[in-house]
Amino acid sequence: MPHLDLSRRNFLAAAAALGVSAAVRPLSQAQAAMVASPVGQDPGWFAGGRLRYRRDGMAKVTGSKVFAIDMRARDLDGWPDHQSHALTLHVPRADRVYLGLDLSVLEPDLAPDVLIDAERLAKDKVTMPDADFYGDFFLEPGNVSPMLGQPVALGIWHDYERFRAARKLLQFNNDIFRFGEQADPPKRAPYGAARFVRIGGDDPRGADRFSPMKDYVVWPDTDESGVQWPAHDHPAFGAAMGHSSDIQSEMENPPEGSRTFAREYRSQSIDPCAMEMENGLGWYDPDSGRLNVVGATQSPYSAAHHILEMMSASTLPLKALDFVTGYTVGYGQKEHQSFPYYVAMAALYGDGNPVRLALDRWQHFQFALKRHPFDIRTALTVDKDGQFQAMSCDMTGDGGGVMNFSPSVGTVAVTAAQSVYYMPKSDMSVQVLPSIGVTSGSMRGYGTLQSMATTEMLVDEIADEIGMDAIELRRKNVIQSGMKNTQGAVPSGHLRIGEILDIARQDPLWTERADRKAAYEAENPGTLYGLGFASVQKDFGTGAEAAVVRLEITPEGRLKMRHVAAEIGAGATTSQMLVTEPYLGRPADEVEFSVQHWPEMPLKTEDQPYTTPQEEEDQLSQDPYWVPRFTSPRSASNSAYYFTHATQQAAQLLLRLALWPSALAIWGAGPSGGQSTPEPLRFEDAEWRDGMLVARSMEPLSLERLAKRAHEKGSITGVCIHTFNRWAWTEAEFEVEGQSFRAPIDALSVKWGTGADAARKAQMTDGGYAFQPRTKVYYPPVQRNNAGTVYYAPCATLVELGVATGSGKVTILSHKTWLECGTQIVPELVSGQLQGGIAMGIGHALYEDLPTDADGPGNGTWNYSRYHLPRASEVGVWTQTGHVLPPLSGEDPPKGMAEVVMIPIVGACANAIAHATGHRFYSFPISASRIQEVL
């Protein structure tokens, strides 16, 4: 993963270096009035162990302003009531020299009050942060645009009616752009490339002969001519390239009785169709030098940090930055996108007025991040018994006009290509290239949808070729617990995809498919029946996940939480409230989410968890205030597992350090040691029954009674913890009030109750908390970065569909999905993610497509009038079923599953169409017109 997931500490350090007072905070704090969610106020919101509604549900359905796109200046406390309006102008071509703008169509009354272009920004030294990653703000005249849809200017109008009239004249009017001679866009080097080679040992669970985890990943040189793969005698990468050559040679000339199947696939560019388009609101006061920005982003710290970087050399004064982030739904599209910096830049030139910049859907198609298209060549060598012997996968991705997350998406995609299978040998390579298309970025699936769907199509075709049941072939080759992935890393825990395959192959849909096909086609002349299956497992997390959580009890026994989790539509702000119940007897009563200011955790970090050498990290970790990363953005399905772990650890420590001592004191009160004397009580005996803490035969105690005791005695009543995961949890040793313990956290602060003595109160200098330095820490070794991933959620889908022989139209008849996601925190949220993900996958498989050339969305003429987003009638809303495997144990952690549920339906649809038509398609979408061609 890139280095851009910046931390609070880095953000504050950058602000201090610039002499800027900087803050990042949630939208609710910035609003003068907000309709509060009834959670925490309505005692019936959670009853009998069940939710009545999600935390943000009532606010959303009653129209409360929780999204940035809903906000206007008058809604924000302390802002002026009047606001200006901004419009970005995007060049629609990348084959001629751009000479400048001609806005004469707006004369005399509709010209923008302010026009910002590359020349003006250069004069004021306002620069795009990390331009290699995000691109330039504007194209300078005299150059050919590197991409379709590149902004060339931004206009600001101080009254809405003139803005609306001007916008109408400018939209779809390409005459406002002056072009010169025809020319090619600038040449650029590939955005990234990598090769993962593994030679397993005789025992799939034993030592590898060679692997990325044990040895290294091949990172080739790149320049404008392309990728230069190392030679076999390369001093650093020669051994891996030699093994690669051997694998390729063996697959081209397989042993007797074995066959190699190789196919080429194409996965298209799509728009994630986020409900909230790119938008923002900014206000800059030049007199005070204060910049206020409201934005929609999944990575608020990075956005705020980069705004500081944007202004670091500017002649415009910046004394304070207040970055406010609301709820958003972006499916990754709002993860490290450049748009917040356009909002901040527009605010700088608003003549002291707040400025609103919001893309309409046409512009959102033209400029917002897209899913990477890939050309994929996959090959599998299979012996006479159907056992996979070797796999190669070569992926070439189109990153569009700006690099963004392309290097990371590529490596994640190709390492996931093995899908659910164990490969004794594998050679996986990827390169992602620049193009004139709209920038590809962090989309739901993050490259794995593209690679695993096509692998599932190949496995299905192999089963047909060798005459084996397709699920049986999968079951024969499925990766099992303790076996290694293509990076040579052992996945975490027990792998249950085999269990899912066993269930699926016994399902009547599968066992009766021949009879169902015959019956359906007899009853529906002109329609072909097809049944398809696919199974995948998707990683979750980035390999450098960090979180902070604070829990405390009030004297009245109310449970208060502060959490880094932000809401991006998946329900994290609901689920994290419920995580406390098994440990503290009930959900949190009062919550503050998307917290970015943590005085309770005075930590420091260089925020380089992927690149810090082991020796340097060993030295840095001797400082109990140092951590590899402070916190993570909302991405990679990280809340269910990583954020929940942090919440659980905070709850367990609050129980251990605060409630259990209070319980012992109550049970031990009275003559001869009270009621507890006859019983050998241990902390492990503590459990909650009907909201009461019990242990063996002791008197049940309410949280209110325990809290009162803790505060009266000045005991610990609050904990704040920090966690870090590098494909394994960090653990540390602590000593608190005479208790020595080891926990899977790396930092801890505590708070004592109202009755604390002067000495304890004097220690609480960190936001009312006292930092407790760890005595020893155990960070996962840096080498685990090569693991690629070890946490997986498996999922499989059966889909039955009908294909009209005349039109080629596909009708989804029903689909059934099996998912394993550990312990469900909120089953209703899992169900919602499953249904929504499947709908998105059907869109990718059958309908959605964006050209990457001059006919694509970068020309500004794309909207839902041209883009087929699937309707409810096209995704089997009323005929779908989902089954979630029960957890293995009471402590089985929840798994990130929001991405995996959209993937198997893609391969399943392709396989079902092949079953129906007898023809296999190798590129997406498999549209009605393409089916019609072969029928």
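Residues numbered from 1 in each chain as written. Predicted model: local features only at pLDDT ≥ 70, side-chain atom pairs only at ≥ 80, totals over all residues. Heavy atoms only, no water.

1. What to know about the confidence of the model for the protein chain
Averaged over the protein chain, the pLDDT score is 93; the fraction of residues at 70 or greater is 97%. A low-confidence stretch, residues 32–37 (pLDDT under 50), is modelled with 10 contacts involving residues beyond four sequence positions or located in other chains. (pLDDT = per-residue confidence, 0-100. Contact = heavy atoms within 4.5 Å.)

2. Quick look at the layout of surface pockets
The probe, sized like a water molecule, is rolled over the atoms to show the empty space still left. Its volume calculated, the second largest pocket comes out at about 970 Å³. Residue lining of the second largest pocket: 41 residues in total, with Pro582, Tyr583, Gln648, Gln652 and Glu891 positioned closest to the centre. Of all the secondary-structure elements, those providing two or more residues to the lining of the second largest pocket are β3 (50–51), α18 (581–584), α20 (639–667), β25 (687–689), β30 (739–743) and α23 (827–847). Its residues placed into classes, the lining of the second largest pocket shows 22 nonpolar, 10 polar and 9 charged. (1 Å grid on protein atoms, 1.4 Å probe; cavity = no way out; pocket = protein on both sides within 12 Å on 5 of 7 lines; lining within 4 Å. Points joined across faces, edges and corners; volume = space filled by probe spheres on them. Helix = DSSP H or I, 4+ residues; strand = E, 2+ residues; numbered from the N terminus. Nonpolar A, V, L, I, M, F, W, Y, C, P; charged D, E, K, R; others polar.)

3. Some details on the packing of aromatic side chains
Under the defined criterion, the tally for this structure stands at 38 aromatic pairs. Above the plane of the ring of Phe179 lies Arg93, whose end atom (NZ or CZ) is 5.4 Å from the centre. Between the NZ or CZ atom of Arg742 and the centre of the ring of Tyr778, over which it lies, the distance is 3.9 Å. (Phe/Tyr/Trp six-rings, centres within 6.5 Å; stacked < 30°, edge-to-face > 60°. Lys NZ or Arg CZ within 6 Å of the ring centre and 35° of its normal.)

4. Brief notes about empty space enclosed by the protein
For the structure on display, the rule yields 9 cavities of 30 Å³ or more. Counted as a void, the largest cavity has a volume near 160 Å³. Tyr134, Ser338, Phe367, Leu369 and Thr439 are, among the 17 residues lining the largest cavity, the residues nearest its centre. Elements represented by at least two residues in the lining of the largest cavity include exactly α5 (131–134) and α9 (339–348). Here the lining of the largest cavity is composed, by residue class, of 10 nonpolar, 5 polar and 2 charged. If you add up the space inside the second largest cavity, you get close to 120 Å³. Around the second largest cavity, the lining comprises 13 residues; the ones closest to its centre are Pro300, Gln596, Thr631, Ser632 and Pro633. Within the lining of the second largest cavity, the residues separate by chemical class into 6 nonpolar, 6 polar and 1 charged.

5. Details of the pairing of strand β8 (residues 151–157)
Most of β8 is tucked away, with 7 of its 7 residues classed as buried. Across 6 bridges, strand β4 (residues 84–90) lies against β8 in antiparallel orientation. Within the sheet, the bridge partner assigned to Leu89 lies in β8 and is Ala153. In this structure, strand β6 (residues 114–117) lies alongside β8, joined through 4 bridges in antiparallel fashion. Paired with Asp117 across the two strands is Ala153, which belongs to β8. (Buried < 20%, exposed > 50% of the residue type's maximum accessible area, 1.4 Å probe, protein only. Pairing = 2+ DSSP bridges.)

6. Here we look at the nonpolar core
Phe137, Leu291, Met345, Tyr349 and Leu748 are the most contacted members of the largest nonpolar core, which totals 224 residues. Ranked by the residues each element gives to this core, the list is headed by α20, at 16 residues. In this view, Phe137 contacts Leu121, Val126, Thr127, Met128, Gln150, Pro151, Met310, Tyr341, Tyr342 and Met345; residues no more than four positions away in its chain are not counted. Grouped together as the second largest cluster of nonpolar side chains are 16 residues, Leu89, Val91, Leu170 and Ile176 included. (Core = buried A, V, L, I, M, F, W, Y, C linked by side-chain atoms within 4.5 Å.)

7. Some words on a negative patch on the surface
Side chains of Glu606, Glu615, Glu616 and Asp618 sit close together on the surface and give a patch of like negative charge. When you line up the elements, Glu606 lands in the loop between β24 (590–592) and α19 (614–620). When its relative accessible area of 36% is taken as the criterion, Glu606 is described as partly exposed. (Patch = residues over 30% accessible without salt bridge, like charges linked within 9 Å, V, L, I, M, F, W, Y side chains within 5 Å. Areas by Shrake-Rupley, 256 points an atom, 1.4 Å probe, with all protein chains shown as cover. Salt bridge = Lys/Arg side-chain N within 4 Å of Asp/Glu carboxyl O. Lys, Arg positive; Asp, Glu negative; His and termini not counted. Charge placed at Lys NZ, Arg CZ, Asp CG, Glu CD.)

8. With respect to the sheet that holds β25
Across the sheet, 3 strands lie side by side as β25-β26-β27; this open sheet has antiparallel pairing. Looking along the sheet, the strands with just one partner apiece sit at the ends: β25 and β27 (701–702). Sheet topology note: the β25/strand β26 (residues 692–694) ladder contains 3 bridges and is antiparallel. Among the inter-strand pairings, Arg689 is bridged to a residue of β26, identified as Met692. Along the sheet face, α20 touches β25, β26 and β27 and points at about 75 degrees away from the line of β26. (Axes fitted to C-alpha atoms, helices over the stretch in contact; angles between N-to-C directions.)

9. Details of helix α11 (residues 406–415)
Of all 10 residues that make up α11, 9 are buried, and the element is covered over most of its length. For α11, every residue scored as buried is listed here: Ser406, Ser408, Val409, Gly410, Thr411, Val412, Ala413, Val414 and Thr415. Next to the buried residues of α11 lie β10 (192–199), β18 (374–382), β19 (388–400), β20 (425–434), α12 (448–466) and β21 (527–539).

10. Observations concerning the packing of helix α8 (residues 300–310) against α9
At a closest axis distance of 10 Å, the pairing of α8 and α9 adopts a crossing angle of 45 degrees. As the angle between them shows, α8 and α9 are arranged oblique. Remark: the crossing between α8 and α9 carries right-handed chirality. In contact with Ser302, Ala303, His306, Ile307 and Met310 of α8, α9 contributes Pro340, Tyr341, Ala344, Met345 and Leu348. Here the contact of α8 with α9 is composed, by residue class, of 8 nonpolar, 2 polar and no charged. (Parallel < 35°, antiparallel > 145°, perpendicular 65-115°, else oblique. Left-handed = near helix turned anticlockwise from the far one by under 90°.)

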